[in-house]
Structures are given as C-alpha cells and as structure tokens.
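# Structural overview
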Amino acid sequence: MISPIANSFDLDQKMAALNLHERLELIAQETVNPVFTTSLGIEDQLITHFIATHKIAIKIVTLQTGRLFPQTLQLLTQTKAHYGIEIHEFYPENHTLEKYIKQRGLNGFYESIQARHACCNIRKLEPLARAISGSDAWIKGLRREQSNNRKTVPFCEHQDGKTQFKFNPLADLDRVELLKLVDELDIPINALHASGYPSIGCEPCTRALKPGEDERAGRWWWENEQARECGLHAAKG
C-alpha cells in the first residue's frame, strides 16, 4: 500500500519512465484494491485491453448513467465478451434521480450550469464514490492532449490529508499513437468514433466535432470551455 505521505511527485517521475503495461503493474503491486473507471471511450478501451490481456489485478468499473448512447451499451457487452472479463456497473440512486427529474424535467440540465452539474452529480459523481470506495488507487484515462483543461494532467496526483491516489497512465499519449495502438491490438471501440465523436459521454450532452475543435469540444457544447467538465475528474480523492 502506498503511504498517505508518499511523494506523488516521485511516483509521477517513476511512471514517466515506464510503458503502459509497467505503469498498470506498478499501480496493482503498490496499492490496495485499485479501481479503473471506464467510460468505454477509446482511451479507456486501451487500458482495459492491457488489464485484461495481462491479467493485472485491477478492478474495472463503469457508471451506468441511464443516458448513454446505444452504441456505448453495445460496446460494453462486446468488451466483456471479447476479453472474458467482468466490468462492474454502478447506477444512480433511483429516489434522487426521480426527485431531480420531477423538479427540473428529464432534460433540465440544459437550463443552467448548476442544473447540469446537479445532474452529473446524481448520475456520475455519487455512483463514482461508491465505485471507488475502499480503494487507495483510482485509475483514469485522461490525456494532456485532450483539452486545455487537461494539458497539465500528471501521471499521479494526491491531495494532502487524503489516502487515495489518482493515476493517469495515458497522460503523455498523443492521439496518433493512441489510434495506432488500438488498430495494432485490434481493440473494440465505439462505432461513434468513426462519425466524429472522439469523446463520448451521455447522449444528450455529446455531439460530433466541428472542424478545428479540440477533442472535448463536443461535450456540453452549449457551455463555455471552462465549464466543460462533469466534476468527475476534478473531484478530490
């Protein structure tokens, strides 16, 4: 187990010198109950491939928000069968979701950033808290190249006073290399990627990219760039 007082800078530097397989093995060896949260995006599919094919002791979970694309749900089933693995699914609390819909309507998140954040909290953040409870390592598929909001993403981060470490093993991977690896390893990916969706979340909150936009511009496109996160990866562990 990584000590809460461990220097995340040292861990970050150590991971920088390793390949993806080695980074994941390091996390599995030095942490307790490591959890990888997958949204079934292309980055997450690459991480899933390495965990599954190398039988790395990392639990894979996904958040079933109730508003995912049919293509994403199909990929979830396909991925489980392709690798012969279990992907644990976490759902929103019914009573909280029903209360939100009654107060704001099914698509009330379009009305304000506050309303959208409330929806993300119910459908994603609260299930996430349950998904990573009891783990001191949360693994994500963030890359620095994805957007301005993520250009300084480290390999390892840790908040003072907390015991949980966050790992971003793909932080330095560019999209060209990502696509090359996915093709070479014959990794199943979401059919929507071929239609201009490099980043895929809930269906009503995701659109295809326009020419020249960064990879995350299709997420919550009606808001300004600074607001285009759900709070999932900004949440303190």
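Above: the structure in question.
Residues numbered from 1 in each chain as written. Predicted model: local features only at pLDDT ≥ 70, side-chain atom pairs only at ≥ 80, totals over all residues. Heavy atoms only, no water.

A surface patch of negative charge is lined by Asp174, Glu177, Asp183, Glu184 and Asp186. With respect to the helices and strands, the residue Asp174 is situated in the loop between strand S6 (165–167) and helix H7 (175–184). For Asp174, a relative accessible area of 35% corresponds to the partly exposed category. (Patch = residues over 30% accessible without salt bridge, like charges linked within 9 Å, V, L, I, M, F, W, Y side chains within 5 Å. Areas by Shrake-Rupley, 256 points an atom, 1.4 Å probe, with all protein chains shown as cover. Salt bridge = Lys/Arg side-chain N within 4 Å of Asp/Glu carboxyl O. Lys, Arg positive; Asp, Glu negative; His and termini not counted. Charge placed at Lys NZ, Arg CZ, Asp CG, Glu CD. Helix = DSSP H or I, 4+ residues; strand = E, 2+ residues; numbered from the N terminus. Buried < 20%, exposed > 50% of the residue type's maximum accessible area, 1.4 Å probe, protein only.)

The subject of this paragraph is helix H3 (residues 42–53). With 12 residues, H3 ought to run about 16 Å at 1.5 Å a step, and its terminal C-alpha atoms sit 16 Å apart, in line with that. Judged by how many residues are buried, H3 sits mostly within the fold: 11 of 12 residues are covered. When we look at burial in H3, the residues that qualify are Ile42, Glu43, Asp44, Gln45, Leu46, Ile47, Thr48, His49, Phe50, Ile51 and Ala52. Looking at the buried side of H3, the elements it contacts are helix H2 (20–30), strand S1 (35–37), strand S2 (59–63), helix H4 (70–83) and H7. One or two residues past the end of H3 sits Lys55, with phi positive at roughly 50°. (Expected span 1.5 Å × (residues − 1). Contact = heavy atoms within 4.5 Å.)

This next bit is on the packing of helix H1 (residues 8–16) against H2. Angle between the axes and distance between the axes are the two parameters that describe a pair of packed helices. Interhelical geometry of H1 versus H2 gives an angle of 140° and a closest axis separation of 9 Å. Classed by the angle they form, the pair H1 and H2 counts as oblique. As H1 packs across H2, the resulting crossing turns out to be right-handed. In this structure, H1 uses Leu11, Lys14, Met15 and Ala16 to contact H2, whose residues at the interface are Arg23, Leu26, Ile27 and Glu30. (Axes fitted to C-alpha atoms, helices over the stretch in contact; angles between N-to-C directions. Parallel < 35°, antiparallel > 145°, perpendicular 65-115°, else oblique. Left-handed = near helix turned anticlockwise from the far one by under 90°.)

Here the focus is the environment of Gln103. When you line up the elements, Gln103 lands in helix H5 (residues 94–104). Judged by its relative accessible area of 58%, Gln103 falls in the exposed class. Considering only alpha carbons, one finds Gln103 and Pro34, 69 residues apart in sequence, at a separation of 37 Å.

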